[in-house]
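Next come the chains, spelled out residue by residue.
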Amino acid sequence: MERAHHPRIIYTQVDEAPALATYSLLPIVRAYAASVGIDVETRDISLAGRILARFPDRLREDQRVPDDLAYLGELAKTPEANIIKLPNISASVPQLKAAVRELQERGCALPDYPDAPASDAEHEIRERFDRVKGSAVNPVLREGNSDRRAPASVKAYARAHPHRMGAWTADSRSHVAAMADGDLRHNEASGTVGVSDAGDARIELVGLDGTVTVLKPRVPLEEGDVVDASFLDRAALRAFLAEQIDDALAQDVLFSVHLKATMMKVSDPIIFGHVVSVFFDEAFERHAAAFAELGVDPKQGLGDLYARLQRLPEERRREIEDDLAAIRARRPRLAMVDSDRGITNLHVPSDVIIDASMPAAIRASGRMWGPDGREHDTKFVIPDSSYAGVYQAVIDDCKAHGAFDPRTMGSVPNVGLMAQKAEEYGSHDKTFEVPRDGEVRVVAASGAVLLRHRVRSGDVWRMCHTKDAAIRDWVKLAVTRARATDGLAVFWLDAQRPHDAELLVKVRRYLNDHDTAGLRLEIHAPVDAARLSCERLRQGLDTISVTGNVLRDYLTDLFPILEVGTSAKMLSIVPLMQGGGLFETGAGGSAPKHVQQFVAEGHLRWDSLGEFLALAASFEHLAAAYDHDGARILAETLDRANARFLESDKSPSRVCGEIDNRGSHFYLALYWADELARQERDPALALRFAPLADRLARGEANIAAELLAAQGAGVELGGYYRPDPVLAERAMRPSATFNAALAAFTG
C-alpha cells in the first residue's frame, strides 16, 4: 500500500440511488476540495464492480476492473485512510443473479450462479460468487469501531419540524414472537482463547459413525480473543413457526418475519426458506416432485417460486397457483411489501430487513400493510431471541405511554463493537447448514476442543470470533464518547448470555485502563437497557448505547428513525484502529424504490444529507491528520452550510415536480460557497469563492427551474446495477447554468 504524500479522500462508487446521487454531488465536492489542494478519488465497491473483479479471466481486457474492495481493505489498515463509504447492496441471491444477468446482456462472459454446484468447476464459481454475496463490503472496511449519533443540526431540525408518528393505544395486538428454546441464544457456548490454544483452529463435524469432515480448516486465533458458537435447531424452528402461524390466525393479526438475509447471508436465507416452506407446507408436500423438477428453493422466496411455475404447462401451473392461493386463504394474512403489486413479506428474502422494517412498523403504530392496502396490527416473528426482546421492550413502552414525540425526545447515540469482523457479522465463513447428524467441534491448534455441539442434519451451526484488540478499542471509544458528552453510557450486555459474560470480564478489566472519574457508565442486559433508554428518551435525555455488532446495526436504525425520521441523517464515524478514518453515510434500504421512481418520472428523492455530514467529518479528520488549514475551513464552512440547508428545508421531496436530490445538491453548493466566501480565516480562499457564490445566488431561480424542468418524464439509465455513465451523468446534471458555473470555477 503506497503512502499518500498529500491529503486525499476516497469516495466510494456504489449502487442504486446513492450511486445516481454521486453523479450530481461528486463534481461539487471535487471542485471545492481541489481549491485547497485535496484530491477526491473514487473506488468502485458496487455489486456489479465486485462481480467483475472476481472474474477477470472471463472478461476482455477492456471489461476488467481492479479489485477496489481489496485495495480499500488494505488502505483501512493504514493511518492515511480517509474513506467515505456510501450504502452498497448487500446482495441476496436474487439480486446477485439479476446483476449477473444484466452484465451478461452487456457482453460480459460471466458464468451463471450455480444454485447446486455439481462439479469442481461449479464449486469454484460458486465460491467466487459467495465472496460477493451478502455483507461482503462492511467486514472488509470496518477496521475500527463505530461512533454513530445525530448531529446537533439534524436533531434541532427534527424538533422544529417533527416527522409523523403513528398513534399507539394500550389495546394494540402487535407483538414480537421469538423462540423460547432451540435457538442461537439458548444454545450458545463461549470462551476466551488462552495462550496454549492460540494458533490455527479448525472446525470439524464428527459423524455418528466417527467420520470426520473438516468444515473449515483454518480459523486463526490469538490469545485473549473471544470465541463463541451456537446452533439453531431445525425441528424446533419449524415447530415454532407453525405455532406462530396458527397464533397469528387466532389473534387476527398480520403475519410477518423479520430477518437480515443480506447481512447474515448463510443463516438467515435458510431461516427465511423454512418460513416459506412451513407457511405453504401443504403445497411443498403435495407438489414436491414438480418443485424438485423446477428447482424451487424456498430460500429464494415466493417470487422465485411463482416465476418458476411459469415454465409449467398452463393447466398444471394454474393447479399449483390455485393451491397456493387456497393455502393463503386458510392462513393468517401476510404483511405486504407492496400491496398494490401483491408483493408479500415472503416474496423476496432481501425485501424485509429487520433493522429497517421493525423501526418503520413501530413508527407506524406497530402496524404493517395488509393485502387490502390498509395498516393492521402485526405479529413480528424474529425467530432467534438474542435481540428480539429489545423490539418488544420498545413496543411495550409505546403501548404504555403512546408514541414518542420528536419535538421533545432525547437521543440514543451508539458506540458499536464491529472492528475486525467482530461477532455475528463476521461469522459468514464459519456458518454451516449441518449435512448430517453428529457433533460440530472447534479444535484449537493444541488439539483441545474449545467448543462443541451435538447437532442434527439441517441445523444451522455458526461460530463467531471477536478479537481482543477490537474489544479494547471499543471500551476506549465508549469512554471517549462518555467524556466528550458528559452523558450516561450503557453497555448492553447480558451476564446470563455466555458471549456477553466473556465480554463483561474484558470490559471491567479495560475500563481500569482509563480515567473514568466523574463518568456515568452502567451495564444492563439488552432488554433492561432498552427500557431505560426509552424512559430517558421521554424525559428528553440522551443515553449512549454501547453495544455489540448486531445491536449496533439494529439500534442505529431503530432510534434514529424514531428521533429524526430516518437513519440516513446520522453522523457515522469509524475511527480506524491504525489512525485513519472511515465515514459512513447512512442507510440504503429504500434505495431501490427511489430508483424506480426516478426511472418512471425523473424525480430522485434520495436524501444526501448523510453524505454532507460525512464529508464534514472527513475534512475534519484530514485537518487533524495533516494539520491542514484548508481542510479545517472546508469542514467548518460545510457544517454551517449543512445547518442552513436544514433550516431552509431544502431536502428532497417525495413528490415529482418539487425539489429532488439534484436540487438539494445545488443548494448545498450555494450555501457552502457563500460560507466560504464569508469566512475570514483565509482571505485568498474567500476571494476564490466569492464569484462562485455570487453567480450561484444570481442564478438560483434559473437553476431551480432547469432542475424542475428535468422531472416528469421517464429516464433511461442503460442499466440498473451498472448504469451507463454518460446517461447517468446527463440525467443527474440537467442544469446547464449550474454546470457552467462549476466549470468556470474549476477552469
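Within any chain, residue numbers begin from 1 and follow the written order of that chain's sequence. Local features in a predicted model are, by the rule used here, given only for residues with pLDDT of at least 70; side-chain atom pairs are given and counted only at 80 or more, and totals for whole chains, interfaces and linings are based on all residues. Note that the side-chain values use all heavy atoms of the structure and ignore hydrogens as well as water.

Novice: Help me get a handle on the sheet that holds strand β6 (residues 189-192), residues and values and all.
Specialist: Here the rule is simple: two strands pair whenever DSSP picks up at least two bridges between them. Strands here mean DSSP runs of E at least two residues long; helices mean DSSP runs of H or I at least four residues long; both are numbered from the N terminus. Reading across from one edge, β6-β9-β19-β16 is the order of the four strands in this open sheet, with antiparallel pairing throughout. Two strands bound the open sheet, and with one partner strand each, they are β6 and β16 (431-433). Across this sheet, the average inter-strand angle for adjacent strands is 10°, counted without regard to direction. As defined by bridge partners, β16 adjoins strand β19 (residues 460-466) across three bridges and the pair is classed as antiparallel. For F432, the partnering residue across the bridge sits in β19 and is W461. Against the sheet, helix α17 (residues 498-511) touches β6, β9 (226-232) and β19, its axis set at about 25° to β6. Think of each axis as a best-fit line through the C-alpha atoms, taken over the contacting stretch in the case of a helix, with angles from 0 to 180 degrees between the N-to-C directions. Contact between two residues is taken to exist if any of their heavy atoms lie within 4.5 Å; hydrogens are not considered.

Novice: So what's going on with unusual backbone geometry? Residues and values would help.
Specialist: For D627, which is not glycine, the phi dihedral falls at a positive 50°. Along the polypeptide, D627 turns up in the loop between α21 (609-626) and α22 (629-647). For D627, a relative accessible area of 60% corresponds to the exposed category. The residue D649 is not glycine, and still its phi comes out positive at about 55°. Relative to the assigned elements, D649 resides in the loop between α22 and α23 (661-678). Whether a residue is buried, partly exposed or exposed follows from its accessible area with a 1.4 Å probe, protein chains only, as a fraction of its type maximum: under 20%, in between, or over 50%, in that order.

Novice: Describe the pairing of strand β7 (residues 199-207), listing the residues and the values that go with them.
Specialist: In this structure, β7 lies alongside strand β8 (residues 212-221), joined through seven bridges in antiparallel fashion. Residue pairing in the sheet places D200 in a bridge with P220 of β8. Hairpin remark: β7 followed by β8, antiparallel, with four residues in the connecting loop; positive phi at G210, about 90°. Note: β7 against strand β17 (residues 438-443), six bridges, orientation antiparallel. Counted as the bridge partner of V206 is E439 from β17.

Novice: Now, about the nonpolar core: what can you tell me, with residues and values included?
Specialist: Membership of the largest hydrophobic core comes to 78 residues, with the highest contact counts inside it found for Y32, I38, F619 and L696. Among the elements that line this core, the one with the most residues is α21, at 10 residues. Setting aside chain neighbours within four positions, we find I38 in contact with P7, R8, I9, A33, F619, L622, H628, A631 and L634. Here, nonpolar core refers to any group of buried Ala, Val, Leu, Ile, Met, Phe, Trp, Tyr and Cys residues whose side-chain atoms link them within 4.5 Å. Ranked by size, the runner-up nonpolar core spans 41 residues in total, among them M264, A335, A388 and F404.

Novice: Any chance you could break down the pattern of salt bridges for me, citing the residues and the numbers?
Specialist: One speaks of a salt bridge when a side-chain nitrogen belonging to Lys or Arg is within 4 Å of a carboxyl oxygen belonging to Asp or Glu. Under the counting rule described, the total for this entry stands at 64 salt bridges. The shortest N-O distance in the salt bridge between R483 and D515 comes to 4.0 Å. Highlighted residues: R483 in helix α16 (residues 468-485) and D515 in the loop between α17 and β21 (520-524), separated in sequence by 32 residues. For R483, a relative accessible area of 39% gives the class partly exposed. Through salt bridges with shared partners, a single network forms among R202, E204, E439, R441 and R452.

Novice: Give me the environment of L254: which residues, what numbers.
Specialist: Residue position: L254 is located in strand β10 (residues 254-257). With residues near it in sequence (within four places) discarded, L254 still touches R333, L334, A335, M368, W369, G370, P371, H376, D377, T378 and K379.

Novice: Let's hear about helix α12 (residues 301-309): which residues, and what values?
Specialist: Residues G301, L302, D304, L305, R308 and L309 constitute the buried set of α12. Buried residues of α12, viewed axially, fall in a sector of 160°; they line one side. Contacts from the buried residues of α12 go to α4 (93-105), α9 (267-279), α10 (281-286), α11 (288-294), α13 (314-330) and β12 (343-344). Arc, as used here, means the arc of the directions from the helix axis to the C-beta atoms.

Novice: Kindly report on the sheet that holds strand β1 (residues 8-13), identifying the contributing residues and their values.
Specialist: Strand order across the open sheet formed by 10 strands is β2-β1-β3-β24-β23-β4-β15-β22-β20-β21, with mixed pairing between neighbours. Lying at the two open borders of the sheet, with one neighbouring strand each, are β2 (39-44) and β21. Each strand of the sheet is rotated relative to its neighbour by a mean of 20°, with strand direction disregarded. Inspection of the sheet shows strand β3 (residues 82-85) paired to strand β24 (residues 581-584) by four bridges, in the parallel sense. Bridge pairing links K85 to E584 in β24.

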